[in-house]
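The residues making up each chain are set out below.
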Amino acid sequence: MHTMHLLRPLLLLICLAGGQVVAQEFQTRVYHIPPDFPVPFFDGEIYDPFTRELPPFPTKDDSQQVLEAAGVRFPSGSSCWFDVITELLTVHNTRENLDLVDKHVGVLIKPHPRTLRWHLSIVEAPVGSILPNTDAAAQLSALRKASAQAGSGLRWLAEALVEGKGGTRVTHEAITEHAILTPPRADKKKGGHLVSVDTQHHGTRLEIEGTVSSDGKIVEADLAAQEKAIVGFCGHLEPDADFSKHLKRFAANPIFRGVRWSGMALSDPSKAQAIQASAHLLADHGLQLDVNGPATSLPALAKLAKEVPALRIVIDHLGAPGDPASLRPEWKPGILSVAKLPNVFMKVSALVEQVKCPEGQAPRDASYYLPVLDHLWESFGPDRLIYGSNWPVSDKGGSYDVVFGIVREYFGSKGSEACEKYFWKNSQGHLWKPPFPRQFIDREQP
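Calculation rules
- Residues numbered from 1 in each chain as written.
- Predicted model: local features only at pLDDT ≥ 70, side-chain atom pairs only at ≥ 80, totals over all residues.
- Heavy atoms only, no water.
- Helix = DSSP H or I, 4+ residues; strand = E, 2+ residues; numbered from the N terminus.
- Buried < 20%, exposed > 50% of the residue type's maximum accessible area, 1.4 Å probe, protein only.
- Contact = heavy atoms within 4.5 Å.
- Areas by Shrake-Rupley, 256 points an atom, 1.4 Å probe, with all protein chains shown as cover.
- Core = buried A, V, L, I, M, F, W, Y, C linked by side-chain atoms within 4.5 Å.
- Arc of directions from axis to C-beta.
- Salt bridge = Lys/Arg side-chain N within 4 Å of Asp/Glu carboxyl O.
- Pairing = 2+ DSSP bridges.
- Axes fitted to C-alpha atoms, helices over the stretch in contact; angles between N-to-C directions.
- Polar contact = N/O pair within 3.5 Å; in protein donor to acceptor, adjacent residues only side chain to side chain.

*Asks:* Go over the overall build of the chain with me, naming the residues and quoting the values.
*Replies:* A tally of regular secondary structure across the chain gives 11 helices and 18 strands. For the chain, the residues scored as buried account for 38% of the 446 residues in total. Considering only residue pairs separated by 6 or more positions, the chain has 69% of its internal contacts joining residues 24 or more positions apart. In the structure as shown, the chain presents an accessible area of about 25100 Å², 56% of it carried by carbon and sulfur atoms.

*Asks:* Give a detailed account of the nonpolar core, specifying residues and quantitative values.
*Replies:* Counting 56 residues, the largest nonpolar core has Leu282, Leu289, Val344, Val348, Leu376 and Phe380 as its most contacted members. Not counting the four nearest positions on each side in its chain, phenylalanine 380 is found in contact with Ile335, Val338, Ala339, Val344, Phe345, Met346 and Leu385. If you look at the next biggest cluster of nonpolar residues, it comprises 12 residues, including Leu67, Val72, Phe74 and Val101.

*Asks:* Outline helix H9 (residues 370-380), listing residues and values.
*Replies:* By the burial criterion, the buried members of H9 are Val372, Leu373, His375, Leu376, Ser379 and Phe380. Seen along its axis, H9 keeps its buried residues to an arc of 165°; they face one direction. Packed against the buried residues of H9 are helix H8 (331-339), strand S16 (344-348), strand S17 (385-387) and helix H10 (400-412). Glycine 381 sits one or two residues past H9 and shows a positive phi near 75°.

*Asks:* Give me the pattern of salt bridges: which residues, what numbers.
*Replies:* In total, this model carries eight salt bridges according to the counting rule given. For lysine 303, the salt bridge identified is with glutamate 307, shortest N-O distance 2.5 Å. Of this pair, lysine 303 and glutamate 307 both sit in helix H7 (residues 298-307), four residues apart, which is roughly one turn of that helix. In this structure, aspartate 383 engages lysine 421 in a salt bridge whose closest nitrogen and oxygen atoms are separated by 2.6 Å.

*Asks:* Which residues make up the sheet that holds strand S12 (residues 233-235), and what values go with them?
*Replies:* Across the sheet, six strands lie side by side as S12-S13-S14-S15-S16-S17; this open sheet has parallel pairing. Every interior strand has two partners, whereas the edge strands, S12 and S17, have only one. For this sheet, the mean angle separating the axes of adjacent strands, direction not counted, is 35°. Judged from the four bridges that link them, strand S14 (residues 288-292) and strand S15 (residues 312-315) form a sheet pairing that is parallel. Bridge pairing links valine 291 to isoleucine 315 in S15. Contacts between H10 and the sheet are confined to S16 and S17, with S17 contributing the most and set at about 145° to the helix.

*Asks:* How would you explain the side chain of asparagine 97 if you had to name every residue and give the values?
*Replies:* On the secondary structure map, asparagine 97 appears in helix H2 (residues 95-109). At 3.1 Å, the side chain of asparagine 97 forms a polar contact with the backbone oxygen of arginine 73. Setting aside residues no more than four positions away along its own chain, asparagine 97 makes contact with Val72, Arg73 and Pro75.

The structure is reproduced here in structure tokens:
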């Protein structure tokens, strides 16, 4: 929701007795405010359309009387009108009185549930086509233009648009069911042939809840765009006084599997009590903690893992070892300290980003990374190492095929069982649970 100010200076001369002339400068400001104005404006109670009956549709415009009751003066030549269709309040008045309108309209807008609109586009694009830290709207427009050109490699997979009031969850679903027949196979017992039908659902399900903070500026979005590949995610939730309240709300989402904290926060003594209490709450909800920080934070992480043994902790990005050719001296002993604890896992990700090299030119040979990979394998073993790509940040070191090829070569050399554990089995049942099982139906065909 935005407040718009349209300024139209107008000079009005008021002639007083005795021939004295006093000039007053008038301006016009337009405000975008809730459609139930002016009924609940200054009635001493915050209006909530989800707990009270909606006000009757106004038969006349009382906006000026409402503002006057709030202390706004309307001298001769000023005016006020409210359009319930466009939700625009237009006030023509002096600057001093308009400043009072600003104040009172701001009071109304902040606590009122806003109408929020969300647009999701899922685009398949070549590496480098989508730039991080770039305005999304401008980039989306550029991608649309580029997709019209032959050979662009761009493909629009899905579009979704949802709208709802702040603080409420809305859902948009566009899913198509496909029945895929497998090649017929002979039925040796009954004769004839059997055909397996694999029922698959393709499309997009967008579920979102948006809220506006007390300052009226920050929009928090609780978003889950579910393709079949999205089976779990970790969010960011500060371990502060509101942690318990927010965690309870987020934990109700079955694909919400935990939170990620900064390793630097674990080393801050002033946050130790709040972190330990929040970590126990995560364990009570069966959720996990991801930690991303420097190697110097590993001893603090080991301490937390001992204090909360029921909490599954995942270290992101190798624990920041540095370039494999010149490892940070604190990394190896730090890894040994955390690996002794059975509730600590390691995400083998951001491998090529550790290399000191020109962008995109990290070594492709897995042997270059052995100082890191061998130490992790010897410390954690085959059951507590988890695959991660860190894409698209990984493009700084090398393309995705390089990132994947390095770990596929290394863990493939450990045998098929170790390879399966690393790529998916070690994360199943903790970070994610398969919620979308395929349905198979056997049908006899003559």
